[in-house]
Number of protein chains: 2
Amino acid sequence: MNHPSGISELVINRLPRYYRFLGEIMGEGNARISSRELSERMGLTASQIRQDLNCFGGFGQQGYGYNIEQLHSEIGKILGLDQPKKAILIGAGNLGRAIATHMAFESRGFRLIGIFDKKEALKGQIIKGLPVRSVEDLDDFCRENLPTCAILCIPKGEAEELCGTLIARGIEGFWNFSHCDLTLKYPGIVVENVHLGDSLAKLSYNIKNK
Amino acid sequence: MNHPSGISELVINRLPRYYRFLGEIMGEGNARISSRELSERMGLTASQIRQDLNCFGGFGQQGYGYNIEQLHSEIGKILGLDQPKKAILIGAGNLGRAIATHMAFESRGFRLIGIFDKKEALKGQIIKGLPVRSVEDLDDFCRENLPTCAILCIPKGEAEELCGTLIARGIEGFWNFSHCDLTLKYPGIVVENVHLGDSLAKLSYNIKNK
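Description of the structure in this document.

What counts and how
- Residues numbered from 1 in each chain as written.
- Chains lettered and ligands numbered in written order.
- Predicted model: local features only at pLDDT ≥ 70, side-chain atom pairs only at ≥ 80, totals over all residues.
- Helix = DSSP H or I, 4+ residues; strand = E, 2+ residues; numbered from the N terminus.
- Buried ≥ 20, exposed ≤ 12 C-beta atoms within 10 Å, placed from the backbone.
- Contact = placed C-beta atoms within 7 Å.
- Pairing = 2+ DSSP bridges.
- Least-squares fit on C-alpha atoms with pLDDT ≥ 70 in both.
- Core = buried A, V, L, I, M, F, W, Y, C linked by C-beta atoms within 7 Å.
- Nonpolar A, V, L, I, M, F, W, Y, C, P; charged D, E, K, R; others polar.
- Axes fitted to C-alpha atoms, helices over the stretch in contact; angles between N-to-C directions.
- Left-handed = near helix turned anticlockwise from the far one by under 90°.

So, the overall build of chain A
A tally of regular secondary structure across chain A gives nine helices and nine strands. Counting only C-alpha atoms, chain A reaches 60 × 45 × 30 Å along its principal axes. The 210 residues of chain A split such that 40% are buried. Counted over contacts in chain A with a minimum sequence separation of 6, partners at least 24 positions apart contribute 57%.

Put into structure tokens, the structure is as follows:
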């Protein structure tokens, strides 16, 4: 799959990793890094790094290397991390609760503004400073607060049912922990799947065929 | 990357999804499915499906299609789901706790047999029927119980520190939720990364460039 801008998905998959490594390297006090050093740190080839970064116009200078802080900041902007998007979480079970509590949303381009669950018993519970709301309040909440991203931590059937409603309420992107393939029914949406069961089955294969 | 058997990683990535879809279709009561029908359900082309399954010897019959239950079972065996591997979880914080509680390990090729945390305060707490143990007991536990997989839900630094010890104790595969790249230091190990922060940053990019 090619992106509108013509940048391949493989390059985009690597961008968050560049951002993460540069963030770590920034903490070490050096101002710049050569593509060779960066490549050794990241386990990529230097030419791969130059090619990847050239997709976005290139940032290095011959003989100087990369300014670490500048490159980190530029990649952050490319990823849209400087423009936090409002996100809501659907499903305050074990996984949803852990995601809400564990994730540093702010440093990954998002702001968590609402948590919803259909279980009446959870209503009003506070998770990471936010009260759990009833899914019945989704409509009003979206109209007033305009979130553009939904995090789905609900069973497959519920996710498929809710997805259309969320799109109609202005949700453009889904972080999907539910075991369903939303783009089959809604091809136009942006979805990032975290299919934990598939991931575990793949690990099983790779251990078996080690 | 090619696997020892010469099967590309892209095919292997799709196997758990085949398994998942076939499991759903099995519940609908039909005995067989054509590659065309399966392709429509999964959003792949029929020729893609035939090519993928031919990597493992092929299962369909011209004019008959696939026997759903048989194909599901065969893919399960290919994935190694019929031979449960013993897994231990390191890190009983929000995320580790949710993973232990939420995941159906048994149907994904694993059996969770131990949970460890370095926090003394958590010791003895029961999560999914298992007591949280001290990481100091890891050595003895591994010697007695021979787990081959570790699930890492601990900070980056701790994961990097612990990885070598775990390998020495017989761990062959890692389900890695820690934000570190273990194969850089230990190139021979099997790792399946779930880098949630990277995933979220990628979603940010895709919403921005929608």
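Don't stop here, the text continues.
Thoughts on the sheet that holds strand E5 (residues 126-127) of chain A
Strand pairs in the sheet, formed through backbone hydrogen bonds, run parallel or antiparallel to each other. Residues and elements named next belong to chain A. Ordered by their spatial adjacency, seven strands build an open sheet running E5-E6-E4-E3-E7-E8-E9, and the pairing between neighbours is mixed. Since the sheet does not close on itself, it has two edges, and those belong to E5 and strand E9 (190-193), each with one partner. Where strand E3 (residues 85-90) lies against strand E4 (residues 110-117), six bridges are found, and the strand directions are parallel. Opposite Lys85, over in E4, you have Phe110 as the bridge partner.

Regarding the relation of the copies chain B and chain A
Between the two copies, chain B and chain A, the superposition gives an RMSD of 0.0 Å; the rotation angle is 180° and the shift along the axis is 0.0 Å. In symmetry terms, the pair is related by a two-fold rotation axis. Taking C-alpha positions as the reference, the residue of chain B nearest the rotation axis is Ala98 of chain B, at 3.1 Å. Interface residue correspondence from chain B to chain A reaches 100%, placing this contact among same-surface, isologous pairings.

Regarding the environment of Met103 of chain B
By the element assignment, Met103 of chain B lies in the loop between helix H5 (94-102) and strand E4 (110-117). In this structure Met103 of chain B touches Leu196 and Leu200 of chain A, once residues within four positions along its chain are discounted.

Description of the nonpolar core
Formed by 119 residues in total, the largest nonpolar core has its most connected members in Ile90 and Ala150 of chain A together with Ile90 and Ala150 of chain B. Top contributing element to this core by residue count: helix H1 (residues 9-26) of chain B, with seven residues. In this view, Ala150 of chain B contacts Ala87, Ile88, Ile90, Leu166, Ile171 and Phe174 of chain B; residues no more than four positions away in its chain are not counted.

Points about the interface of chain B and chain A
Counting residues at the interface gives 53 residues for chain B and 53 residues for chain A. At the level of elements, H1, H5, strand E8 (173-176), strand E9 (190-193) and helix H9 (196-208) of chain B are the ones that each hand at least two residues to the side of chain B that touches chain A. For the side of chain B that touches chain A, the element with the highest residue contribution is H9 of chain B, accounting for 13 residues. Residue composition of the side of chain B that touches chain A, grouped by class: 24 nonpolar, 17 polar and twelve charged.

Description of the sheet that holds E8 of chain B
With mixed pairing, seven strands are arranged side by side in an open sheet as E5-E6-E4-E3-E7-E8-E9 (chain B). Each having just a single partner strand, strand E5 (126-127) and E9 of chain B make up the two edges of the open sheet. In the sheet, E4 of chain B pairs with strand E6 (residues 130-134) of chain B via three bridges, with the strands oriented parallel. Of the residues in E6 of chain B, the one forming a bridge with Phe116 of chain B is Arg133 of chain B. Contacts from helix H9 (residues 196-208) of chain A reach strand E3 (85-90), E4, strand E7 (149-152), E8 and E9 of chain B, with the element oriented near 170° to E9 of chain B.

A short note on the packing of helix H1 (residues 9-26) of chain A against helix H4 (residues 68-78) of chain A
Residue and element names in this part refer to chain A. Where H1 contacts H4, the axes come no closer than 9 Å and their chain directions differ by 150°. Crossing handedness for the pair H1 and H4: left-handed. Taking contact as the criterion, the partners of Leu15, Tyr18, Tyr19, Leu22, Gly23, Ile25 and Met26 in H1 are, on H4, Ile68, Glu69, Leu71, His72, Ile75, Gly76 and Ile78. Taken together, the residues that form the contact of H1 with H4 break down as ten nonpolar, three polar and one charged.

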